[in-house]
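Breakdown of the fold
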Amino acid sequence: MKTLIFRTIAPTLTAIMVVFSIFVLLRGHNEPGGGFIGGLIAASAIAIYGIAVGVREVRKALVVDPISLAGFGVFIAGFSGLLSLGQSVPYLTGLWGYISIGATKITISTPMIFDIGVYFAVVGTISAVALALEEGDVDK
Amino acid sequence: MSSDLDVGITLAALAPFFAAALAPFIHRFTKSYAGWILAVIPASIFIYLLSFVEQMSRREFVSAGFEWIPSYGIRLSFYLDGLSVTFALLISGIGTFIILYSAAYLSGHKHLGRFLSFMLLFMGSMLGLVLSDNLISLFVFWELTSITSFLLIGFDHVRQASRRAAIQALVITGGGGLALLAGILLLHQITNQWDISEIFVWGSTIKEMDIYPLVLGLFLLGAFTKSAQFPFHFWLPNAMEAPTPVSAYLHSATMVKAGIYLLMRMNPVLGGTTEWNIILPIVGGFTLLWGAAMAMKQTDLKQMLAQTTVASLGLLVLLIGVGTDAALSAAVLYLLAHAFYKGALFMVAGGVDHATGTRDITQLGGLWKVMPVTFVAVLIGVAGMAGVPATVAFLAKEEMYAVLEVSSVSDLFENWQNTLVVFVMLLGNAMMMAVGLTILVKAFLGKLKTTPHKAHEGSLSLWIGALVLGVFAIWAGTQIKYLGSIIVGPVASSVANFQISPKLHLDFEMLTTLPFFISTLTWVVGFVIYLAIEDIRAIMLRTSKAIGWTFDILFDWLMFGLIKLSAAVTRFWHHGRWELYLIVVFVGVALAMALPMIGNFNMPQMPGLQALSFFEWGIFGMAVVGLSAVVLAKTRLIAIVSLGIQGFAVALIFMLFGAPDLGFTQFMVETLSVVILALVMTRLHLEQRDARVPWEVARDAALSLTVGISVTVLMISVLQNPIDLRLSEFFALTSVPIAHGHNIVNVILVDYRGLDTLGEISVVLATGIAILALIRIRGGGPQTGVGAPKGVKKPKRARKATPAKSKRKTTRKSTKSAQKKPAGQST
């Protein structure tokens, strides 16, 4: 899969997909989207990049191993639930807060942190598997 | 009940756990002082608990605790009465010296911090066990003692023998623990109570129920495995593989006494029946004789002590089973006596081992000259073992023999059970005394022999515990008035659940009593056995050689049989033939859907198709084209991609019918499935085309059609019924005001069903790790990323490994794992 066109557009495509995945993740609470879908999109992005430029480059770009990302995701998802214990409400009860910056009101909530955890768990796991599979592929 | 008390008692029970968490750090920073620092914890617990003794002696009790799982009515509750406080005092008191002793015994060991941590964990579990009121917390602590003792016995994990001993102890005591859990649950079913103190009043009811034998059997199984009763006794001698401090602690006052504690605790509820009075004395009596006899066979100090421990536990079970006032007082006294002298003797055995490098009594001799303090400790210990007057053990023996209540010779035959019991105890005690004498004379008297190390007196920490325990045993043995009223009376009364006032005496009057006569007889018999012990040992060694098998061998045989069986079962189900897996799964699916419909089969009405608009026809056509392409495809790759087409068509349908989230996810899953499947295909180096013969194709086609038709029929018939919209309405109503989200699907995922999602992403992560492991096993280890060999990340090495890899025969394992991924995600 090392055609010139693919290798040229892959980085751009990947960048757009990753940005889009974050967009999908963050809007997910009110419109179609969310951590799971966002994670899948990002994982596809990473898989495409891997096919185009090789696994070694992707690993370099990711800095951390994708499976660690997945572990981090599960960790923060679980951790977001702990925050509610501080308010003496059951585990994983959603807490909501608002920050106003000028005219914009930004919502911060534990479900959002949870969703980010889901995102990382999905993107980490799938890209780890995809990269590991591509690795054998590239070696040929 | 004040809240201070709640906190105090809970803290006393849990403090060792905190100390255990700190132990490795304390050891790192303070090195050789760690033992002295950590011993403060059990010492403080001991002093704290002493403050309850006065109250306990008045037969009062204290209960304390916190809510734990309120929805099940389970509290972390503690119940302090004579029995539990006495046990807790033994655990913390002896524990203090054991911590000191451990630090000295293993000084310089690089994992001493870990060892002390395990010790404290064990101590905490044991304290929790004896103080627990709640049956569930009792069970939790009970299992914790099994687990921590596993860690302790297997501490020297490099040696195969200690690993085996650890597993053996865990299997046997853990298995008993399961029986205990079943018993606890049954008891809860009957009484609807979790607290032992509440269950006491149910005693007479339970004993008359039909289910009583089952409850009793389960509890006895738990107690007998823990307390090493025949035929579960063999784990205890093997557990001597542990470092000596472990033996000194686990086998004197703690682990093995947990079963005794349970029997004593449950005596008011389960005891006193015919079954109780028959099973316990028989099992206990047999264990007593067996253990004592086996002890005579040994020449290793620790093994001798271990086997006599088995015997002593048998004696205790026997006494609890007899259950008369005298027997219960004797059990309590003997419990104390045994904790003192056995703890001391184990510590001495470790000290001797430490000083001389051997524990074999045939290689030892004359140690009294070089280890005078240790000699004094061993002298007192053996005096306890023999039940010499002025020790607690003597009083215990007097009470034991008082079981025989006779006024004339004919009574001996009339109450033949009691006569038999006393005879068994006499024999057992005599044999144990002979073993004690052997240890004393062979190892400490006579000529000094040359040993691997030059014998020398150990450090203070090594002998202080043994000496203090010995001195305390004598002190307690002479203060009979206090001993009787403060300890023995209250404890025996707790066990019996009615007032028992033991008649302890230590004066010239007793010289004329029957128990004293039997005691004297015991000494005589014991001395005779001692004189003949060499011959007895020779005979026993020959006999056991002739028999040729032991419980150990039986255990190994069972364990390996279990492993072989599970391997056979696994091989049967996990044959590794991928198409068979699929066939089994899909046949199962087809049956599950078709069978329920057979009973009341009404072919559902085909819903009238609404007129489809042209783009709906388009999508439909797309799905059909995709499916046909899958079936007709010449190569596997094309089939995979075609499957994607069909999936995309389904995703479009989702979009059209108002499920954008679902459609969205479906798109992504389809894309990734195709990518991953294609990647897997290239790794597997399969032939491009499948090589199924016609009948296999026919079989698979028939199966696919069956599943497809069943699903369709099922869906149609489901749709015939009105849909229950309550949940949907609930979510639609509450999603914005409660969960602040307009996207109900997402709100359900991250809020309403957050815990489920957390579980799901954990599964995703675990699956990912498993897949990585499988890929890396096939690929000969990781080349990059986590776990890759450091410093050899150059691509050259990876390339070198490739030829070998591609030559390897492909297996279906990695296919399986990789295909599981997309399937798992679309759910």
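Residue numbers restart at each chain and count upward from 1, following the sequence in its written direction. Chain A is the first chain written and ligand 1 is the first ligand written, with later ones labelled in order. Under the rules for a predicted model, residues below a pLDDT of 70 receive no local features and side-chain atom pairs below 80 are neither given nor counted, while totals for whole chains, interfaces and linings still include all residues. By convention in this description, side-chain values take in all heavy atoms of the structure and omit both hydrogens and water.

Here we look at the overall build of chain B
Helix and strand content of chain B: 37 helices and two strands. Viewed in the frame of its principal axes, chain B has a C-alpha envelope of about 115 × 65 × 55 Å. The buried label goes to any residue with under 20% of its type's maximum accessible area, the exposed label to any with over 50%, and the partly exposed label to all in between, with areas taken from a 1.4 Å probe on protein chains only. Split into buried and exposed, the 827 residues of chain B put 50% on the buried side. In this description, contact between two residues means that some pair of their heavy atoms is separated by no more than 4.5 Å. Of the contacts formed within chain B by residues at least 6 apart in sequence, a portion of 79% connects residues at least 24 apart. Note on areas: Shrake-Rupley, 1.4 Å probe, and residue coverage restricted to the protein chains presented here. Within the structure as shown, chain B displays about 38700 Å² of accessible surface, and the carbon and sulfur contribution to it stands at 69%. Considering chain B, the positive charge centre built from 58 side chains and the negative charge centre built from 44 side chains are found 21 Å apart. Going along the chain from the N terminus, every DSSP run of H or I of four or more residues is numbered as a helix, and every run of E of two or more is numbered as a strand. Neither His nor the chain ends contribute to the count of charged residues, in which Lys and Arg are positive and Asp and Glu negative. The atoms used to mark charge sites are NZ of Lys, CZ of Arg, CG of Asp and CD of Glu.

Describing the nonpolar core
Formed by 210 residues in total, the largest nonpolar core has its most connected members in Leu80 and Leu270 of chain B. At 21 residues, the largest contribution of residues to this core is made by helix H17 (residues 325–356) of chain B. Filtering out sequence-adjacent residues up to four positions away, Leu80 of chain B remains in contact with Ile9, Leu49, Phe52, Met56, Glu60, Phe61, Val62, Val85 and Leu131 of chain B. Note on terminology: a nonpolar core comprises buried Ala, Val, Leu, Ile, Met, Phe, Trp, Tyr and Cys residues joined through side-chain atoms within 4.5 Å. Counting 44 residues, the second largest nonpolar core, distinct from the first, contains Ile41 of chain A together with Phe664, Leu672 and Val680 of chain B.

So, a nonpolar patch on the surface
Patches were defined on residues exceeding 30% relative accessible area and lacking a salt bridge, with like-charge contacts within 9 Å and nonpolar side-chain contacts (Val, Leu, Ile, Met, Phe, Trp, Tyr) within 5 Å. Here, a salt bridge means any Lys or Arg side-chain nitrogen found within 4 Å of an Asp or Glu carboxyl oxygen. Together, Phe72, Phe75, Phe79, Leu82, Leu83, Leu85 and Tyr91 of chain A together with Leu755 of chain B make up a nonpolar patch on the protein surface, roughly 760 Å² of accessible area in all. A per-element tally of the nonpolar patch places helix H4 (residues 66–83) of chain A first, with five residues. With respect to the helices, strands and loops of the structure, Leu85 of chain A is situated in the loop between H4 and strand E1 (96–101). Residue Leu85 of chain A is classed as partly exposed on the basis of its relative accessible area, which comes to 46%.

Quick notes on the environment of Ala732 of chain B
Residues and elements named next belong to chain B. Its place among the elements puts Ala732 in helix H33 (residues 726–734). Judged by relative accessible area, which is 48%, Ala732 ranks as partly exposed. In this structure, the C-alpha to C-alpha distance between Ala732 and Asn743, residues eleven residues apart in sequence, is 9.4 Å.

Looking at the confidence of the model for chain B
pLDDT gives the predictor's per-residue confidence on a scale running from 0 to 100. Per-residue pLDDT for chain B has a mean of 81; in total, 90% of the residues score no lower than 70. Note on residues 791–827 of chain B: pLDDT is under 50 here. Beyond four places in sequence and across chains, it has 52 contacts.

Things to note about the packing of helix H6 (residues 112–131) of chain B against helix H14 (residues 255–270) of chain B
Residue and element names in this part refer to chain B. Lines fitted to C-alpha atoms define the axes here, with helix axes fitted over just the stretch in contact, and angles between the N-to-C directions of these axes take values from 0 to 180 degrees. Here H6 crosses H14 at 5°, and the two axes come no closer than 11 Å. Judged by the inter-axis angle, H6 sits roughly parallel to H14. Residue-level contacts link Phe122, Met126, Leu129 and Val130 of H6 to Met255, Ala258 and Tyr261 of H14. Lys, Arg, Asp and Glu make up the charged group, whereas Ala, Val, Leu, Ile, Met, Phe, Trp, Tyr, Cys and Pro make up the nonpolar group; the residues left over, Gly among them, are polar. A breakdown of the residues in the contact of H6 with H14 according to their chemical character gives seven nonpolar, no polar and no charged. For classification purposes, an angle smaller than 35 degrees is called roughly parallel, one larger than 145 roughly antiparallel, one from 65 to 115 roughly perpendicular, and anything else oblique.

Considerations on the interface of chain A and chain B
Counting residues at the interface gives 51 residues for chain A and 50 residues for chain B. Buried area, as used here, totals the accessible surface that two parts lose on assembly, with accessibility defined by a 1.4 Å probe and the loss added over both. Regarding the contact of chain A and chain B, the summed buried area is about 4200 Å², with carbon and sulfur atoms giving 72% of it. Taken together, chain A and chain B are joined by zero salt bridges. Whenever a nitrogen or oxygen atom comes within 3.5 Å of another N or O atom, the pair is scored as a polar contact, on the condition that within protein one atom can donate a hydrogen and the other can accept it, and that pairs from neighbouring residues in sequence are kept only if both atoms are in side chains. Our count for the contact surface shared by chain A and chain B stands at ten residue pairs in polar contact (both at pLDDT 80 or more).

Here we look at the side chain of Asn429 of chain B
Residues and elements named next belong to chain B. For Asn429, the location among the structural elements is in helix H22 (residues 416–444). Residue Asn429 is classed as buried on the basis of its relative accessible area, which comes to 2%. If near-sequence neighbours (up to four positions away) are discounted, Asn429 is found in contact with Leu315, Lys397, Met400, Tyr401 and Thr522.

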